[in-house]
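# Architecture at a glance
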Amino acid sequence: MMKKLFPFALIALLTTVFASSLSEVKTRGQMILGTDPQFAPFESRDERGNIVGFDVDVAGAIAKKIGVKLVTQPTILEAIPTALNSGRVDIAISGIAANTNWKGTLFSQPYFDNSQVYAVRSGNPSKFALSNVRGRVVGVRANTIGFLAADEQLKPRGAKLKVYSSVAEGLKQLRSGKVDAMILDAPSLEYLMQKQPRIFDRLSATLTSERYVIAVKRGSDLLPTINKAITDLRSSPEYTRLLEKWIIEK
């Protein structure tokens, strides 16, 4: 019985121990990126269905440093750890906060400093205010830093959290008045306000701040190369260009 089970156990062990390596990525000529394309301007689909955004361009700059082509693999946020651990993707970059706790993954140094803010309907007709959140309904995207922060800071003060599986679903509920406010990344809300003027407003307060990182499978030797690429990118004019392209208000 033990002899029959051994090959399968060995395969499982090898799958666990070995991760996407730098040499494998170079040999393949491609670095496969896992990202959830519903967080504009970080990652979303353009009119042709291509995945674009600040995060995608950062990953592209890193792939260029390595000397390979970037291939994007759409992956819902909740499935990213599994995609990394199975080897389906080499790296993940999807608005992942540095204090994220994912089993079997390691994180790079930060590539972007972000904050979570409050989106309300234009003119704030529900008069949502942080001075009194008791009984107010606040929308949050599941499994995000915004959700964790709202659960820790707003729920104890009596706010009712409405958790959504997608940002689009939450914004639809905000527009209809079914929630009083929605927690979003600051750049995402600014992007939304530019694309859909006079529909949403931003409160001046910030819920929390975080730093975005890139995830790899534990054991991958890609991390030192990624960290070096991030350091080089953040000190270069290219990083400023990407900020101006995607993040800075025009």
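Up top is the structure.
The rules behind each value
- Residues numbered from 1 in each chain as written.
- Predicted model: local features only at pLDDT ≥ 70, side-chain atom pairs only at ≥ 80, totals over all residues.
- Heavy atoms only, no water.
- Helix = DSSP H or I, 4+ residues; strand = E, 2+ residues; numbered from the N terminus.
- Contact = heavy atoms within 4.5 Å.
- Core = buried A, V, L, I, M, F, W, Y, C linked by side-chain atoms within 4.5 Å.
- Buried < 20%, exposed > 50% of the residue type's maximum accessible area, 1.4 Å probe, protein only.
- Axes fitted to C-alpha atoms, helices over the stretch in contact; angles between N-to-C directions.
- Parallel < 35°, antiparallel > 145°, perpendicular 65-115°, else oblique.
- Left-handed = near helix turned anticlockwise from the far one by under 90°.
- Nonpolar A, V, L, I, M, F, W, Y, C, P; charged D, E, K, R; others polar.
- Arc of directions from axis to C-beta.
- 1 Å grid on protein atoms, 1.4 Å probe; cavity = no way out; pocket = protein on both sides within 12 Å on 5 of 7 lines; lining within 4 Å.
- Points joined across faces, edges and corners; volume = space filled by probe spheres on them.

What follows concerns the side chain of Thr208. You can see Thr208 is positioned in strand β11 (residues 200–217). Setting aside chain neighbours within four positions, we find Thr208 in contact with Ser115, Gln116, Ile145, Ala149 and Gln153.

Among the nonpolar cores identified, the biggest contains 34 residues, and Met31, Phe54, Ile62, Ile91, Tyr111 and Phe112 are the most heavily contacted of them. When residues of this core are traced back to their parent elements, those giving at least two are α2 (22–28), β1 (30–35), α3 (54–66), β5 (91–97), β11, α8 (223–234) and α9 (237–246). When residues in this core are grouped by element, the largest group, 8 residues, is from α3. In this structure Ile62 touches Met31, Ile214, Ile226, Ala229 and Ile230, once residues within four positions along its chain are discounted.

Moving on, we get to the packing of α3 against α8. Contact geometry of α3 with α8 gives a least axis separation of 10 Å together with a crossing angle of 115°. As summarised for this structure, α3 and α8 are arranged roughly perpendicular, according to the angle between their axes. The chirality of how α3 crosses α8 is right-handed. Of the residues in α8, those touching α3 at Val58, Ala61, Ile62, Lys65 and Ile66 are Thr225, Ile226, Ala229, Ile230, Asp232 and Leu233. Of the residues contributing to the contact of α3 with α8, the split by class is 8 nonpolar, 1 polar and 2 charged.

The next point concerns α9. Within α9, burial applies to Tyr239, Leu242, Leu243 and Trp246. Down the axis of α9, the sector holding all buried residues measures 100°, keeping them to one side.

Here we come to the layout of surface pockets. Size it by volume and the largest pocket reaches roughly 670 Å³. Around the largest pocket sit 36 residues that line it, and Phe39, Arg141, Thr144, Val167 and Asp185 are the ones nearest its centre. Elements that contribute at least two residues to the lining of the largest pocket include exactly β5, β8 (137–141), α5 (145–153), α6 (167–175), β10 (181–185) and α7 (186–195). Its residues assigned to classes, the lining of the largest pocket shows 21 nonpolar, 12 polar and 3 charged. Here the second largest pocket defines a volume of roughly 160 Å³.

Moving on: unusual backbone geometry. In this structure, Pro41 follows Ala40 across a cis peptide bond, with omega equal to 5°. Relative to the elements of secondary structure, Pro41 occurs in the loop between β1 and β2 (44–45). We note that Asn124 has phi near 50°; this positive angle belongs to a residue other than glycine. Secondary-structure assignment places Asn124 in the loop between β7 (112–121) and β8. On the accessibility criterion, Asn124 (14% relative accessible area) is buried. Located in the positive-phi region is Asn143, a residue other than glycine, with phi close to 60°. What makes Asn143 exposed here is its relative accessible area of 51%.

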